[in-house]
Amino acid sequence: MTEILDGLRLSRLADDDLELLLLVRHFELKLLELYGRGDLNGTTHTCLGQEYVPVALRSLLGPADHVFSNHRGHGHYLSRFRDPHGLLAEIMGREGAVCGGVGGSQHIHRDRYMSTGVQGESMPVAAGVALHLKRSEPGTLACVHIGDGTWGEGAVYEALNLAALWRLPLLVVVENNGIAQSTPTASQMAGTVAGRAAAFGITHRLVVSTDVNEIRLSLEREIARVREGQPLVVEFVTHRLGPHSKGDDIRPADVVQAARENDWYARYAHDHPEHFHRLDGVVKAEVEAVADEVAARPLSRWEGSCV
Ligand SMILES: Cc1ncc(C[n+]2csc(CCOP(=O)(O)OP(=O)(O)O)c2C)c(N)n1
Ligand SMILES: [Mg+2]
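Conventions used here
Residues numbered from 1 in each chain as written. Chains lettered and ligands numbered in written order. Predicted model: local features only at pLDDT ≥ 70, side-chain atom pairs only at ≥ 80, totals over all residues. Heavy atoms only, no water. Phe/Tyr/Trp six-rings, centres within 6.5 Å; stacked < 30°, edge-to-face > 60°. Helix = DSSP H or I, 4+ residues; strand = E, 2+ residues; numbered from the N terminus. Buried < 20%, exposed > 50% of the residue type's maximum accessible area, 1.4 Å probe, protein only. Near = heavy atom within 4 Å. Polar contact = N/O pair within 3.5 Å; in protein donor to acceptor, adjacent residues only side chain to side chain. Areas by Shrake-Rupley, 256 points an atom, 1.4 Å probe, with all protein chains shown as cover. Nonpolar A, V, L, I, M, F, W, Y, C, P; charged D, E, K, R; others polar.

Let's talk about the packing of aromatic side chains
Next, step 1: One pass over the full model with this rule turns up eight aromatic pairs.
Next, step 2: Aromatic side chains Phe81 and Tyr113 sit 5.8 Å apart centroid to centroid with 75° between the ring planes, which places their arrangement in the edge-to-face category. Of this pair, Phe81 sits in helix H3 (residues 74-81) while Tyr113 sits in strand E4 (residues 113-115); the two residues are 32 residues apart in sequence, bridging distant segments of the chain.
Next, step 3: Residue Tyr113 is classed as buried on the basis of its relative accessible area, which comes to 2%.
Next, step 4: Ring geometry for Tyr265 against Phe276: centres 4.9 Å apart, planes inclined by 80°, an arrangement best described as edge-to-face. A residue pair is termed long-range when its members are at least 10 positions apart, and Tyr265 in helix H11 (residues 264-271) and Phe276 in helix H12 (residues 273-295) qualify at 11 residues. Exposure class is identical for Tyr265 and Phe276. Each is buried.
Next, step 5: An aromatic cluster is present here, built from Tyr77, Phe81 and Tyr113 joined pairwise through their rings.

Written out as C-alpha coordinates, the structure reads:
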(Lines give C-alpha, C1' and ligand atoms only; values in the text may rest on other atoms or scores of the structure.)
(Ligands and ions follow the chains in the order given, each with its own letter.)
Protein backbone atom coordinates (compact mmCIF):
# COMPACT_ATOMS: atom_id res chain seq x y z
CA MET A 1 0.00 0.00 0.00
CA THR A 2 1.50 3.31 -1.03
CA GLU A 3 0.36 6.58 0.38
CA ILE A 4 0.51 9.64 -1.81
CA LEU A 5 1.12 12.48 0.57
CA ASP A 6 -0.91 15.60 0.17
CA GLY A 7 1.33 18.52 -0.79
CA LEU A 8 1.03 21.79 1.08
CA ARG A 9 0.33 23.74 -2.08
CA LEU A 10 -1.71 22.57 -5.06
CA SER A 11 0.23 22.60 -8.31
CA ARG A 12 -0.86 24.86 -11.13
CA LEU A 13 -3.33 23.15 -13.46
CA ALA A 14 -3.69 23.27 -17.22
CA ASP A 15 -6.58 25.53 -18.25
CA ASP A 16 -8.73 22.66 -19.47
CA ASP A 17 -8.35 20.75 -16.19
CA LEU A 18 -9.28 23.77 -14.09
CA GLU A 19 -12.17 24.56 -16.42
CA LEU A 20 -13.48 21.03 -16.06
CA LEU A 21 -13.21 21.07 -12.28
CA LEU A 22 -15.08 24.37 -12.21
CA LEU A 23 -17.66 23.11 -14.67
CA VAL A 24 -18.55 20.15 -12.44
CA ARG A 25 -18.62 22.40 -9.36
CA HIS A 26 -20.89 25.06 -10.87
CA PHE A 27 -23.05 22.51 -12.69
CA GLU A 28 -23.89 20.76 -9.43
CA LEU A 29 -24.39 23.97 -7.46
CA LYS A 30 -26.84 24.92 -10.18
CA LEU A 31 -28.62 21.58 -9.81
CA LEU A 32 -29.10 22.17 -6.08
CA GLU A 33 -30.43 25.64 -6.84
CA LEU A 34 -32.87 24.26 -9.42
CA TYR A 35 -34.07 21.60 -6.97
CA GLY A 36 -34.46 24.23 -4.28
CA ARG A 37 -36.70 26.22 -6.62
CA GLY A 38 -38.77 23.15 -7.49
CA ASP A 39 -37.58 23.20 -11.12
CA LEU A 40 -36.27 19.61 -10.98
CA ASN A 41 -37.94 16.37 -9.96
CA GLY A 42 -36.59 13.11 -8.61
CA THR A 43 -33.32 13.06 -6.77
CA THR A 44 -29.67 13.89 -7.35
CA HIS A 45 -26.40 13.18 -5.61
CA THR A 46 -23.68 15.76 -6.05
CA CYS A 47 -19.95 15.02 -6.06
CA LEU A 48 -19.11 18.44 -4.61
CA GLY A 49 -15.63 18.12 -3.10
CA GLN A 50 -14.87 14.94 -5.08
CA GLU A 51 -14.69 16.49 -8.58
CA TYR A 52 -10.92 16.10 -8.83
CA VAL A 53 -11.17 12.28 -8.87
CA PRO A 54 -12.57 11.86 -12.41
CA VAL A 55 -10.76 14.97 -13.63
CA ALA A 56 -7.43 13.46 -12.55
CA LEU A 57 -8.27 10.11 -14.11
CA ARG A 58 -9.49 11.42 -17.45
CA SER A 59 -6.07 11.78 -19.08
CA LEU A 60 -5.17 8.26 -17.91
CA LEU A 61 -8.18 6.77 -19.69
CA GLY A 62 -8.87 6.57 -23.41
CA PRO A 63 -12.05 6.53 -25.51
CA ALA A 64 -11.82 2.74 -25.90
CA ASP A 65 -11.87 2.23 -22.13
CA HIS A 66 -15.21 1.62 -20.44
CA VAL A 67 -16.27 3.75 -17.48
CA PHE A 68 -18.88 2.51 -15.03
CA SER A 69 -20.28 5.20 -12.80
CA ASN A 70 -22.58 5.19 -9.82
CA HIS A 71 -25.30 7.35 -8.24
CA ARG A 72 -22.81 10.21 -7.72
CA GLY A 73 -21.85 10.37 -11.36
CA HIS A 74 -22.21 13.89 -12.79
CA GLY A 75 -18.47 14.51 -12.48
CA HIS A 76 -17.72 11.16 -14.10
CA TYR A 77 -19.96 11.97 -17.06
CA LEU A 78 -18.75 15.54 -17.54
CA SER A 79 -15.11 14.43 -17.30
CA ARG A 80 -15.73 11.87 -20.00
CA PHE A 81 -17.82 13.95 -22.42
CA ARG A 82 -17.80 17.62 -21.29
CA ASP A 83 -21.46 17.76 -22.24
CA PRO A 84 -23.34 19.88 -19.69
CA HIS A 85 -26.25 20.45 -22.11
CA GLY A 86 -26.94 16.75 -22.64
CA LEU A 87 -26.61 15.94 -18.94
CA LEU A 88 -28.79 18.79 -17.71
CA ALA A 89 -31.37 17.99 -20.38
CA GLU A 90 -31.32 14.39 -19.14
CA ILE A 91 -31.87 15.48 -15.56
CA MET A 92 -34.54 18.04 -16.50
CA GLY A 93 -36.25 15.83 -19.09
CA ARG A 94 -35.68 18.20 -21.99
CA GLU A 95 -34.93 17.76 -25.68
CA GLY A 96 -31.32 16.78 -26.33
CA ALA A 97 -31.17 14.58 -23.22
CA VAL A 98 -28.45 11.90 -23.34
CA CYS A 99 -30.95 9.09 -22.78
CA GLY A 100 -34.19 10.75 -23.81
CA GLY A 101 -34.76 11.88 -20.23
CA VAL A 102 -35.65 8.40 -18.96
CA GLY A 103 -32.37 7.82 -17.10
CA GLY A 104 -32.18 11.05 -15.17
CA SER A 105 -29.30 11.78 -12.86
CA GLN A 106 -28.26 8.21 -12.11
CA HIS A 107 -28.87 5.99 -15.13
CA ILE A 108 -26.99 7.06 -18.19
CA HIS A 109 -25.63 5.09 -21.11
CA ARG A 110 -23.49 6.66 -23.77
CA ASP A 111 -20.77 5.08 -25.87
CA ARG A 112 -18.58 3.17 -23.41
CA TYR A 113 -20.01 4.86 -20.35
CA MET A 114 -22.76 3.59 -18.07
CA SER A 115 -24.01 4.65 -14.66
CA THR A 116 -26.32 2.95 -12.19
CA GLY A 117 -27.91 3.96 -8.91
CA VAL A 118 -27.87 0.37 -7.67
CA GLN A 119 -24.94 -0.04 -5.28
CA GLY A 120 -22.47 -2.68 -6.39
CA GLU A 121 -24.33 -3.56 -9.58
CA SER A 122 -21.63 -2.22 -11.85
CA MET A 123 -18.77 -4.27 -10.34
CA PRO A 124 -19.67 -7.66 -11.90
CA VAL A 125 -20.76 -5.95 -15.11
CA ALA A 126 -17.41 -4.13 -15.29
CA ALA A 127 -15.58 -7.39 -14.60
CA GLY A 128 -17.48 -9.03 -17.45
CA VAL A 129 -16.67 -6.16 -19.78
CA ALA A 130 -13.02 -6.34 -18.68
CA LEU A 131 -13.00 -10.03 -19.65
CA HIS A 132 -14.40 -9.13 -23.06
CA LEU A 133 -11.80 -6.38 -23.50
CA LYS A 134 -8.97 -8.70 -22.50
CA ARG A 135 -10.04 -11.15 -25.19
CA SER A 136 -11.00 -8.81 -27.99
CA GLU A 137 -9.35 -5.43 -27.38
CA PRO A 138 -6.14 -6.00 -25.44
CA GLY A 139 -4.68 -2.85 -23.93
CA THR A 140 -8.05 -1.38 -22.96
CA LEU A 141 -9.62 -1.50 -19.50
CA ALA A 142 -12.85 -1.19 -17.56
CA CYS A 143 -12.89 1.46 -14.84
CA VAL A 144 -15.57 1.31 -12.16
CA HIS A 145 -16.31 3.96 -9.54
CA ILE A 146 -17.73 2.81 -6.22
CA GLY A 147 -18.14 4.35 -2.79
CA ASP A 148 -16.89 3.06 0.55
CA GLY A 149 -20.42 2.02 1.57
CA THR A 150 -20.70 -0.16 -1.52
CA TRP A 151 -18.06 -2.48 -0.07
CA GLY A 152 -20.96 -3.94 1.92
CA GLU A 153 -22.33 -5.50 -1.28
CA GLY A 154 -21.41 -9.15 -1.93
CA ALA A 155 -21.22 -8.60 -5.69
CA VAL A 156 -18.08 -6.50 -5.12
CA TYR A 157 -16.21 -9.57 -3.86
CA GLU A 158 -17.41 -11.89 -6.61
CA ALA A 159 -16.09 -9.37 -9.11
CA LEU A 160 -12.75 -8.94 -7.28
CA ASN A 161 -12.35 -12.70 -7.11
CA LEU A 162 -12.75 -13.18 -10.85
CA ALA A 163 -10.72 -10.07 -11.66
CA ALA A 164 -7.78 -11.51 -9.73
CA LEU A 165 -8.25 -15.10 -10.93
CA TRP A 166 -8.61 -14.20 -14.60
CA ARG A 167 -6.18 -11.27 -14.51
CA LEU A 168 -8.76 -8.82 -15.81
CA PRO A 169 -7.98 -5.25 -16.86
CA LEU A 170 -10.24 -3.87 -14.13
CA LEU A 171 -9.59 -0.55 -12.41
CA VAL A 172 -11.68 -0.11 -9.27
CA VAL A 173 -11.84 3.51 -8.15
CA VAL A 174 -13.05 3.81 -4.59
CA GLU A 175 -14.24 7.26 -3.61
CA ASN A 176 -13.98 6.86 0.14
CA ASN A 177 -15.73 9.91 1.52
CA GLY A 178 -16.06 8.32 4.95
CA ILE A 179 -19.82 7.99 4.85
CA ALA A 180 -22.64 6.06 3.20
CA GLN A 181 -25.77 8.18 3.16
CA SER A 182 -25.84 8.87 6.94
CA THR A 183 -23.68 5.98 8.23
CA PRO A 184 -20.02 6.77 8.90
CA THR A 185 -17.68 4.21 7.34
CA ALA A 186 -16.18 3.43 10.73
CA SER A 187 -19.62 2.23 11.87
CA GLN A 188 -20.16 -0.22 9.02
CA MET A 189 -16.83 -1.44 7.64
CA ALA A 190 -14.70 -4.06 9.39
CA GLY A 191 -11.05 -3.84 8.39
CA THR A 192 -10.04 -1.70 5.44
CA VAL A 193 -10.45 -1.47 1.68
CA ALA A 194 -6.71 -2.18 1.42
CA GLY A 195 -7.09 -5.36 3.48
CA ARG A 196 -9.98 -6.54 1.38
CA ALA A 197 -8.07 -5.96 -1.88
CA ALA A 198 -5.08 -7.78 -0.37
CA ALA A 199 -7.29 -10.78 0.41
CA PHE A 200 -7.61 -11.29 -3.35
CA GLY A 201 -3.99 -10.46 -4.09
CA ILE A 202 -5.05 -7.25 -5.81
CA THR A 203 -2.79 -4.20 -5.70
CA HIS A 204 -4.17 -1.28 -3.70
CA ARG A 205 -3.13 2.35 -3.88
CA LEU A 206 -4.22 5.01 -1.44
CA VAL A 207 -4.56 8.57 -2.69
CA VAL A 208 -4.97 11.36 -0.16
CA SER A 209 -3.95 14.18 -2.49
CA THR A 210 -6.46 16.46 -4.21
CA ASP A 211 -3.79 17.66 -6.65
CA VAL A 212 -4.78 16.55 -10.15
CA ASN A 213 -1.23 16.65 -11.54
CA GLU A 214 0.24 14.79 -8.58
CA ILE A 215 -2.45 12.10 -8.70
CA ARG A 216 -1.87 11.49 -12.41
CA LEU A 217 1.86 11.15 -12.01
CA SER A 218 1.48 8.71 -9.15
CA LEU A 219 -1.03 6.46 -10.92
CA GLU A 220 0.30 6.46 -14.46
CA ARG A 221 2.47 3.37 -14.14
CA GLU A 222 -0.06 1.35 -12.12
CA ILE A 223 -2.84 2.04 -14.62
CA ALA A 224 -0.58 0.95 -17.49
CA ARG A 225 -0.23 -2.38 -15.64
CA VAL A 226 -4.02 -2.71 -15.41
CA ARG A 227 -4.03 -2.72 -19.20
CA GLU A 228 -1.73 -5.73 -19.10
CA GLY A 229 -4.15 -7.65 -16.88
CA GLN A 230 -3.20 -6.60 -13.38
CA PRO A 231 -6.38 -5.42 -11.64
CA LEU A 232 -6.02 -2.45 -9.33
CA VAL A 233 -7.98 -0.84 -6.51
CA VAL A 234 -7.29 2.87 -6.13
CA GLU A 235 -8.81 4.31 -2.98
CA PHE A 236 -9.25 8.05 -2.86
CA VAL A 237 -9.62 9.48 0.62
CA THR A 238 -12.06 12.21 -0.23
CA HIS A 239 -14.74 14.41 1.27
CA ARG A 240 -18.38 14.89 0.47
CA LEU A 241 -19.02 18.61 0.79
CA GLY A 242 -22.76 18.52 0.34
CA PRO A 243 -25.61 16.36 1.60
CA HIS A 244 -26.03 12.74 0.53
CA SER A 245 -28.63 13.83 -1.99
CA LYS A 246 -30.53 17.01 -1.15
CA GLY A 247 -31.12 18.46 2.29
CA ASP A 248 -30.38 15.18 4.08
CA ASP A 249 -27.13 16.06 5.82
CA ILE A 250 -27.08 15.06 9.46
CA ARG A 251 -23.31 15.14 9.93
CA PRO A 252 -21.91 17.02 12.93
CA ALA A 253 -20.59 20.52 12.19
CA ASP A 254 -16.94 19.53 12.76
CA VAL A 255 -17.15 16.79 10.09
CA VAL A 256 -18.61 19.22 7.56
CA GLN A 257 -15.95 21.75 8.51
CA ALA A 258 -13.18 19.17 7.93
CA ALA A 259 -14.63 18.51 4.47
CA ARG A 260 -14.57 22.23 3.70
CA GLU A 261 -10.95 22.52 4.77
CA ASN A 262 -10.02 19.82 2.26
CA ASP A 263 -11.95 21.42 -0.59
CA TRP A 264 -9.73 21.83 -3.67
CA TYR A 265 -11.86 24.82 -4.76
CA ALA A 266 -10.97 27.06 -1.83
CA ARG A 267 -7.40 25.78 -1.79
CA TYR A 268 -6.85 26.43 -5.49
CA ALA A 269 -8.35 29.93 -5.16
CA HIS A 270 -5.85 30.57 -2.36
CA ASP A 271 -2.83 29.01 -4.08
CA HIS A 272 -3.42 30.35 -7.61
CA PRO A 273 -5.72 33.38 -7.29
CA GLU A 274 -5.03 34.84 -10.73
CA HIS A 275 -5.68 31.56 -12.56
CA PHE A 276 -8.70 30.74 -10.44
CA HIS A 277 -10.41 34.10 -10.83
CA ARG A 278 -9.68 34.25 -14.56
CA LEU A 279 -11.70 31.07 -15.14
CA ASP A 280 -14.16 30.74 -12.27
CA GLY A 281 -16.52 33.51 -13.40
CA VAL A 282 -16.34 32.41 -17.02
CA VAL A 283 -17.31 28.83 -16.22
CA LYS A 284 -20.04 29.94 -13.84
CA ALA A 285 -21.50 32.11 -16.60
CA GLU A 286 -21.27 29.17 -19.00
CA VAL A 287 -23.32 27.01 -16.60
CA GLU A 288 -25.91 29.79 -16.16
CA ALA A 289 -26.27 29.98 -19.95
CA VAL A 290 -26.57 26.18 -20.24
CA ALA A 291 -29.28 26.13 -17.57
CA ASP A 292 -31.28 28.94 -19.20
CA GLU A 293 -31.00 27.38 -22.63
CA VAL A 294 -31.90 23.82 -21.52
CA ALA A 295 -34.80 24.94 -19.30
CA ALA A 296 -36.36 26.69 -22.30
CA ARG A 297 -36.33 23.52 -24.42
CA PRO A 298 -39.45 21.39 -24.99
CA LEU A 299 -39.87 18.22 -22.94
CA SER A 300 -37.81 15.23 -24.06
CA ARG A 301 -39.33 12.23 -25.79
CA TRP A 302 -38.02 8.68 -25.54
CA GLU A 303 -36.98 7.62 -29.04
CA GLY A 304 -35.95 4.11 -28.02
CA SER A 305 -32.22 4.59 -27.49
CA CYS A 306 -29.61 6.76 -25.83
CA VAL A 307 -27.30 8.98 -27.92
C1 LIG B 1 -28.36 -2.01 -3.65
C2 LIG B 1 -28.64 -0.67 -3.05
N3 LIG B 1 -28.83 -0.54 -1.74
C4 LIG B 1 -29.09 0.68 -1.19
C5 LIG B 1 -29.16 1.79 -1.99
C6 LIG B 1 -29.48 3.15 -1.38
N7 LIG B 1 -28.25 3.97 -1.39
C8 LIG B 1 -28.02 4.89 -2.35
S9 LIG B 1 -26.53 5.65 -2.15
C10 LIG B 1 -26.23 4.77 -0.75
C11 LIG B 1 -24.97 4.97 0.02
C12 LIG B 1 -23.77 4.67 -0.80
O13 LIG B 1 -22.62 4.99 -0.04
P14 LIG B 1 -21.22 4.94 -0.71
O15 LIG B 1 -21.04 3.69 -1.47
O16 LIG B 1 -20.23 5.23 0.35
O17 LIG B 1 -21.26 6.13 -1.78
P18 LIG B 1 -21.45 7.68 -1.50
O19 LIG B 1 -22.91 7.97 -1.49
O20 LIG B 1 -20.80 8.02 -0.21
O21 LIG B 1 -20.77 8.33 -2.67
C22 LIG B 1 -27.26 3.89 -0.47
C23 LIG B 1 -27.29 2.99 0.71
C24 LIG B 1 -28.96 1.62 -3.37
N25 LIG B 1 -29.00 2.66 -4.21
N26 LIG B 1 -28.67 0.40 -3.88
MG1 LIG C 1 -19.30 7.01 0.81
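What follows continues from the structure just given.
A short note on the site of ligand 1
Next, step 1: As a structural note, the neighbourhood of ligand 1 is formed by 15 residues, with His71, Arg72, Gly117, Gly149 and Thr150 the closest of them.
Next, step 2: One of the backbone nitrogen or oxygen atoms of Gln119 is found 3.1 Å away from a nitrogen atom of ligand 1.
Next, step 3: Here Asp148 contributes a side-chain N or O atom positioned 3.2 Å from an oxygen atom of ligand 1.
Next, step 4: Protein coverage of the free-state accessible area of ligand 1, which is 580 Å², stands at 73%.
Next, step 5: Tallied by class, residues from the shell around ligand 1 come to three nonpolar, nine polar and three charged.

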